[in-house]
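Residue-level structural notes
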Amino acid sequence: MTTPNAPTPGHSTTTGLRPHSGVGDAVRLWWDAQARPTQWALGLPLLILIALLPILQIPVLTTVGTNFGGVMAQFGMYALIAIGLNVVVGQAGLLDLGYIGFYAIGAYTVALLTSPSSPWNQTGDGGWLSQDWAWLAALPIAVAITALSGLLIGSPTLRLRGDYLAIVTLGFGEIVRLLADNLDGITGGGRGLAQVAYPRAGVSETNPNGVFSAGSGSGALNSGVWWYWLSIVLIVIALLFVGNLERSRVGRSWVAIREDEDAAEIMGVPTFRFKLWAFVIGASIGGASGALYAGQVQFVNPTNFNVINSVLFLCAVVLGGQGNKLGVILGAFVIVYLPNFFLGRTEIFGIPIDGTQIAEYRYLFFGIALMVLMVFRPQGLLPVRQKLLTYGRELYVAARRTIKAQDSELQDSSHHRTGRGSTGRDSTGRDSTGRDSTAKEQA
Amino acid sequence: MTGGLLHTMVVAEPLIGFDVAALGRNFWALTVDGLTYGSVYALVAVGYTLVYGVLRLINFAHSEVFMLGMFGQYAALMLLGFGPNGDAYDMGIVMTVLYLGAAMIGGMAISGGVAVGLERVAYRPLRKRGAPSLVFLITAIGASFVLQEFVHFVLPRLTGGTLGGVNAQQPIRLVEPEVQFQIGSANVTNVTLIIVVSALLLALATDQFINRTKFGRGIRAVAQDPVTATLMGVSRERIIMLTFLIGGILAGAAALLYTLRVPNGIVYSGGFILGIKAFCAAVLGGIGNLRGALLGGLLLGVMENYGQVVFGTEWRDVVAFVLLILVLMVRPTGILGESLGRARA
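Residues numbered from 1 in each chain as written. Chains lettered and ligands numbered in written order. Predicted model: local features only at pLDDT ≥ 70, side-chain atom pairs only at ≥ 80, totals over all residues.

Quick note on the threshold: UniProt positions are given in the numbering used here, feature names are shortened, and annotations may be inferred rather than shown by experiment.
For chain B, the name recorded in an unreviewed UniProt entry is Branched-chain amino acid ABC transporter permease, with Sanguibacter biliveldensis as its organism. The Subcellular location (unreviewed entry) field of the UniProt record for chain B holds the comment "Cell membrane". According to its UniProt record, chain B has this under Sequence similarities (unreviewed entry): "Belongs to the binding-protein-dependent transport system permease family. LivHM subfamily."

Written out as structure tokens, the structure is:
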């Protein structure tokens, strides 16, 4: 293939041949090679372990300053948001800085329907929501309304591109917050809406309001843990939904739009329609997360829906790896967990630290982390590997195996790669093009 | 028909006030005050527009450059021996203008320095790697966080609590607002005069610099075609640095003018919304277009002031964002179109 020359020392030929040969890739390859039942057999216990984290109270992992269950519940919400935002930013490549608007709309929908202080309260006399099931009934309504708002906001703005889109969505996010703040008569303005409904389940002597009520339980199994479990259910549903979309025509269109919108348009992808789809789907997932938030905190007010938090969501997506569903969940975990990990901690492994202060400085550290990450690893912690969507995973793995077999034959010929040329999503795509074409030839 | 309309207005009345008559009553006062805000927006918008014109990058951290400029001029005033007492100093016109000039230079130095430093530390490594624009934007957001939190937490430690921190700085007043003359029914104060006149002078100077000097030609050349400009002997890196410097300097000047109008605005989070609005102004006028940024700034300031009287003060920011969205819907390239490279005159 290439001119045979001696491999340079310190630069192994395998690395040259295989652009993705890190630990993560090894794990991913191994995982992809497993059969479906094996994947379930391994994945399910792992999921259960993750779900049981707040109960197990692992010494170093458990937060000191705040309730670990509460932290994990917050992580659940952020993970759901990250999955939704990932559809918009990671999949379709639309930079949405006002995503928090959808989160707010979801939260306010539930609050407006179920809070006694809201003029549209439906839980009281004459309302059509039963007291016990109000939250669960309001959840699909919140999702539907945020999806609708995504449609309304997206249809005029998605004709704009890139930076313009970013700033206009930022404007919309701010408008949603300011509306919530200024429409005193409906949203209660700065006072917010209190006593939002929550699922009334597991009512017992000790928990007269059910396990989801804010004051319920103590110690390891408190309301936060229940909310965390509820959010895991929603996350799994969202992951199945988004994962299937990714492998469909819609998902392929998103990737095409992300990589080159003009080219996609020319190739017959109705770009505007699929961008709108991404916006609406992302919005509805954000709305679901907002509903979770409103239920868990049982109170909404505008201050939580500011731009800084919107940027924090974006942080989670970028940090984890745009486009990778598991990556963004990891990103959400880092964003939520790290500050809480340090909160109230006075020592770590015997080294004395002032944890509360570190937690206070979190935006400073997030800012530095973002800057450093963008220079050295712009693809995020767990980068996306979006390849051969048409041919399916099985074929891809088969092709990988063939290439693996060919590796030994090509041991002596070195393949000059220019290393990491460009950065970012482009590089993930571009680095893999060589491998892609090989795999396609195999097919 | 009219009955239905009236009915909706009555229903909407308690939620959103709708008072057009107030606009008519205070038209001139609102215009004049809007121009003072507009001048500040315009100067900050120049920073966005120049960087965008040359690099196709939204320098999201420019709002923090402006914020640091406010602290820069404040620190300069403190170094000159002023302190935050309740009353305004009364030193006569000449001395006041001199001290204000000194403070402005302080603000310009800090802002310009931060802007150039930001370019060196944050953006240049990315440029060398040829990163896509999303990466630049996210870095800018990160830098914005860092600069804000620096003033929030680190600066008070460095200065022993005199600068920075959670609370806004106690205002140092050099000028007491006094009515000088009237336009229509509007009172024009000395503060308004200082802001508008200095902003106009700076805008004029920048315009001349971009359009008449060798450096300005270089900026326009790089904005138009970076490769050809490099082939013609223009150092792209140096031009980029110059662009950030000019943007920073103008933001520093704007910072001083803004604190004259809003003395309690010197706080770590004080640049954020203003920066977004200045960016809106740049987009309104046509981003990448210098005169567009100036026009957009003045327009935004005035429209926002009209809007806040018609709909109520709390809707001020909403008016700005809605205006931006409407303009982008109708004319996505802004009022004057986006062209720094092609702007001959």
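1. Observations regarding the overall build of chain A
Heads up, the condition is: Put simply, DSSP H or I for four residues or longer makes a helix, DSSP E for two residues or longer makes a strand, and each gets a number counted from the N terminus. Note that contacts rest on C-beta atoms placed from the backbone: two residues are in contact if these are within 7 Å.
Looking only at helices and strands, chain A has 19 helices and four strands in total. Within chain A, contacts between residues at least 6 apart in sequence are counted, and of these 75% link residues at least 24 apart.

2. Section: the packing of helix α10 (residues 249-259) of chain A against helix α12 (residues 271-297) of chain A
Residues and elements named next belong to chain A. Put simply, the test is: Axis lines are fitted to C-alpha atoms, over the contacting stretch for helices. Their N-to-C directions set the angle, which ranges from 0 to 180 degrees. Note on terminology: angles under 35 degrees are roughly parallel, angles over 145 are roughly antiparallel, angles of 65 to 115 are roughly perpendicular, and the others are oblique. Note on residue categories: nonpolar means Ala, Val, Leu, Ile, Met, Phe, Trp, Tyr, Cys or Pro, charged means Asp, Glu, Lys or Arg, and polar means any other residue, Gly included.
As a packed pair, α10 and α12 sit with axes 10 Å apart at the nearest point and diverge in direction by 105°. The angle between α10 and α12 places the two elements in the roughly perpendicular class. In this structure, α10 contributes V250, S253, W254 and I257 to the contact, and α12 contributes T271, F274, K275, W277 and A278. Looking at side-chain class alone, the contact of α10 with α12 contains six nonpolar, two polar and one charged residues.

3. A short note on the packing of helix α3 (residues 27-55) of chain B against helix α7 (residues 190-212) of chain B
Residue and element names in this part refer to chain B. What counts, and what does not: Should the near helix be turned counterclockwise from the far one by less than a right angle, the crossing is left-handed, whereas a clockwise turn marks it as right-handed.
Running from N to C, α3 and α7 point in directions that differ by 35°, and their axes come no closer than 9 Å. Crossing angle aside, the handedness with which α3 passes α7 is left-handed. In this structure, α3 contributes V32, L35, T36, S39, A42, L43 and V46 to the contact, and α7 contributes T192, I195, V196, A199, L202, A203 and T206. When its residues are assigned to classes, the contact of α3 with α7 shows 10 nonpolar, four polar and no charged.

4. Here we look at the interface of chain A and chain B
Taken together, the contact between chain A and chain B spans 35 residues of the former and 36 residues of the latter. If you list the elements that add at least two residues to the side of chain A that touches chain B, you get α7 (162-182), α13 (307-320), α16 (362-376) and α18 (425-431) of chain A. The element contributing the most residues to the side of chain A that touches chain B is α7 of chain A, with 12 residues.

5. Considering the confidence of the model for chain A
All names here are of chain A. Convention followed: Predictor confidence is given residue by residue as pLDDT, running from a minimum of 0 to a maximum of 100.
Residue-level pLDDT values for chain A average 78, and 82% of them are 70 or greater. Contacts for the low-pLDDT stretch residues 1-19, under 50 throughout, to residues beyond four places or in other chains number 26 contacts. Contacts from residues 387-391, a stretch scored under 50 in pLDDT, to residues over four places away or in other chains number 14 contacts.

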